[in-house]
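Analysis of the macromolecular model
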Amino acid sequence: MQRRNVVGNPLGNTASTASATGDECALPPYTELLWPTLQAVIGLGGSGAIDEIDAAVSDRVGLSEAARAVLHGDGPGTEIEYRVAWARTYLKGMGLLANARRGVWSATDQGRAVRESEIRPMQIAYTTEKRRKRIGRNSSGAQVVPLVAAPEDPELWREPLLGAVTDLSDAGFERLVTAVLRAAGFTTLTTLDPDESTDTDVVEGTGVLRVSLLSFSVFFRFVRGRERVGADVVREFRAAMVGRGEKGLLVSTGEFTDDARAEAHRHGAPPIDLVDGEGLCDLLKEHRLGVRTTVRTVEDVALVPAFFADLAGY
């Protein structure tokens, strides 16, 4: 059986990685960085910038200079920065950290009060709920059986990827939007002048999408930072779309509510295509934008009860 796994996933059990000089440098997996990361933020006065947090975590876990210098993949970021990014993302999902301001993370009241012994159960509960939602979205009405998420779950790569998108500068976010659209086949892209928008977490503009022999003018808007996007956002987008494109594309790093999806395809109104955070991650993976994948072979071993039943019958 073939399975795709995102390279650089720090959830595995390997506790060391080779540096550029060939030295073996111990690097803890993200699960062991949850508590140090939370305590690093609290130790910085309750909030801190990403580079401050990275340095504080490295100090807390006692990383050598060689271990701190190990690159993630081909760089330019380091492996420890990547793993701490995972830790921040999961602490946010667990309700222990928040990042109301881009690039600045703060401890919540719950984060200040939590005990170290509670971290692991909270992490398992959070990943279990994420898997339950994902299975539910793909089940087409079938009954969902909750599963305990193993740390090696290959589907967990989307969380830190969305965290990386959220942490981009305004200019970096706009460049990402342009790269995604061009990779998807858009041409003649024009984005709104940032000075004309009051929301720096929104990139919008127009482009032409060619599909086989046909071309469509598309008005697009990418929104980040919202966990839930409701019908009001879809209605406002449709109003802004008038006269600016034949098709509408609304992309969010969060999730669209059921009302938002119903509004996007409301009878009698121009339909709007919605892409949520999971779909955006899939696009980045498909076009290899900030994501690298490798194929590995997984061996499935299953018990054959009939064999033992035959033995018992002799």
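Before reading on, note that the structure itself is shown above.
Report follows, based on the coordinates. Values in this document were obtained by computation on a predicted structure and should not be read as measured data.

A word on the sheet that holds strand S9 (residues 214-223). As summarised here, the arrangement of the five strands in space is S7-S8-S9-S11-S13, forming an open sheet in which the pairing is mixed. Each of the sheet's edge strands pairs with one partner strand only, and the pair in question is strand S7 (186-191) and strand S13 (272-275). On average, each strand axis in the sheet is tilted by 25 degrees relative to the strand beside it, whichever way the strands run. Relative to S9, strand S8 (residues 202-211) is paired through 10 bridges, and the arrangement is antiparallel. Bridge assignment links Leu 209 to a residue of S9, and that residue is Phe 216.

We now examine unusual backbone geometry. Leaving glycine out, the prevailing phi sign among residues is negative, and the prevailing peptide bond configuration is trans. Its identity as a non-glycine residue notwithstanding, Thr 188 has a phi of 50 degrees, on the positive side. Within the chain, Arg 288 stands out as a residue other than glycine whose phi angle is a positive 55 degrees. Mapped onto the fold, Arg 288 is located in the loop between helix H11 (277-286) and strand S14 (293-297).

For the rest of this paragraph, the subject is the pattern of salt bridges. Taken as a whole and judged by the stated rule, the model has 16 salt bridges. The partner of Asp 59 in a salt bridge is Arg 68, with the nearest N and O atoms 2.8 Å apart. Using a relative accessible area of 52% as the deciding quantity, one classes Asp 59 as exposed. Asp 276 is the salt-bridge partner of Arg 261, the closest N and O atoms lying 3.3 Å from each other. Of the two residues, Arg 261 is situated in helix H10 (residues 258-264) and Asp 276 in the loop between S13 and H11; the sequence distance between them amounts to 15 residues. Here the salt bridges do not stand alone but share partners, grouping Glu 204, Arg 221, Glu 236 and Arg 244 into one network.

On to the pairing of strand S6 (residues 104-107). Along S6, the buried face is formed by Trp 105 and Ala 107; none of Val 104 and Ser 106, which line the opposite face, is buried. Pairing analysis gives three bridges linking strand S4 (residues 47-49) to S6, with the strands arranged antiparallel. By the bridge assignment for S6, Ala 49 is matched with Val 104.

Next up on the list: the packing of aromatic side chains. Considering all chains together, one arrives at eight aromatic pairs under this definition. Seen in terms of ring centroids, Tyr 30 and Trp 86 are 5.8 Å apart; in terms of plane orientation they differ by 50 degrees. Their pairing is tilted. Here Tyr 30 is found in the loop between strand S3 (24-26) and helix H1 (34-43), whereas its partner Trp 86 is found in helix H4 (residues 79-93), with 56 residues between them in sequence. Judged on exposure class, the residue Tyr 30 and its partner Trp 86 are both buried. Put simply, the rings of Tyr 30, Tyr 82, Trp 86, Tyr 90 and Tyr 126 touch in pairs and so form one group of aromatic residues. The side chain of Lys 247 reaches across the aromatic face of Phe 216, ending 5.4 Å from its centre.

The complete set of buried residues in helix H2 (residues 50-60) reads Ile 53, Asp 54, Ala 56, Val 57 and Ser 58. Packed against the buried residues of H2 are H1, S4, helix H3 (65-68), H4 and S6. Looking one or two residues past H2, Gly 62 carries a phi angle of roughly 70 degrees, positive in sign.

Here we come to H11. Buried within H11 are the following residues: Gly 277, Glu 278, Leu 280, Cys 281 and Leu 284. For H11, the angular spread of buried residues about the axis comes to 160 degrees, placing them on one side. N-cap assignment for H11: the residue whose side-chain oxygen lies 3.3 Å from the backbone N of Glu 278 is Asp 276. Of the residues flanking the end of H11, it is Arg 288, one or two places downstream, whose phi is positive at about 55 degrees.

Okay, the environment of Leu 181 next. Tracing the sequence through the fold places Leu 181 in helix H8 (residues 170-183). For the pair Leu 181 and Leu 209, spaced 28 residues apart in sequence, the C-alpha separation works out to 8.9 Å.

The next point concerns the nonpolar core. Across soluble globular proteins, nonpolar side chains show a tendency to be buried alongside one another. In this structure, Leu 38, Met 94 and Leu 96 are the most contacted members of the largest nonpolar core, which totals 28 residues. Those elements that provide at least two residues to this core are H1, H2, H4, S6 and helix H6 (116-138). If you tally residues by element for this core, the top one is H4, at six residues. Beyond its immediate sequence surroundings of up to four residues, Leu 38 is in contact with Leu 91, Leu 96, Leu 97, Ala 107, Gly 111, Val 114 and Ile 119. Within the second largest apolar cluster, 22 residues are counted, among which are Leu 161, Phe 173, Leu 176 and Val 218.

Parameters at a glance
The written sequence of each chain sets the order in which its residues are numbered from 1. Local features in this predicted model are restricted to residues of pLDDT 70 or higher, and side-chain atom pairs are both shown and tallied only at a pLDDT of 80 or more, whereas totals for entire chains, interfaces and linings draw on every residue. For the side-chain quantities, the full set of heavy atoms in the structure was used; hydrogens and water were omitted. Strand pairing is defined by DSSP finding a minimum of two bridges between the two strands. A run of DSSP states H or I qualifies as a helix once it reaches four residues; a run of E qualifies as a strand once it reaches two. Both are numbered from the N-terminal end. Between N-to-C directions, angles cover 0 to 180 degrees, with each direction set by a line fitted to C-alpha atoms, over the stretch in contact for helices. We define a salt bridge as a side-chain nitrogen of Lys or Arg found within 4 Å of a carboxyl oxygen belonging to Asp or Glu. Only protein chains enter the accessibility calculation, which uses a 1.4 Å probe; a residue is then buried when its area is under 20% of its type maximum, exposed when over 50%, and partly exposed in between. Only Phe, Tyr and Trp rings take part, Trp by its six-membered ring, and two of them pair if their centres are within 6.5 Å. Stacked means planes under 30 degrees apart, edge-to-face means over 60, and tilted covers everything else. In this analysis the charged atom, NZ for Lys or CZ for Arg, is taken to sit over a ring once it is within 6 Å of the ring centre and within 35 degrees of the ring normal. In what follows, residue pairs with any heavy atoms lying within 4.5 Å of each other are defined as contacts. Directions drawn from the helix axis to the C-beta atoms are what define this arc. Each polar contact in these results corresponds to two N or O atoms within 3.5 Å; when the atoms are within protein, one needs to be able to donate a hydrogen and the other to accept it, and residues that are neighboring in sequence are counted only if both atoms are side-chain atoms. In these notes, a set of buried Ala, Val, Leu, Ile, Met, Phe, Trp, Tyr and Cys residues joined through side-chain atoms within 4.5 Å is what counts as a nonpolar core.

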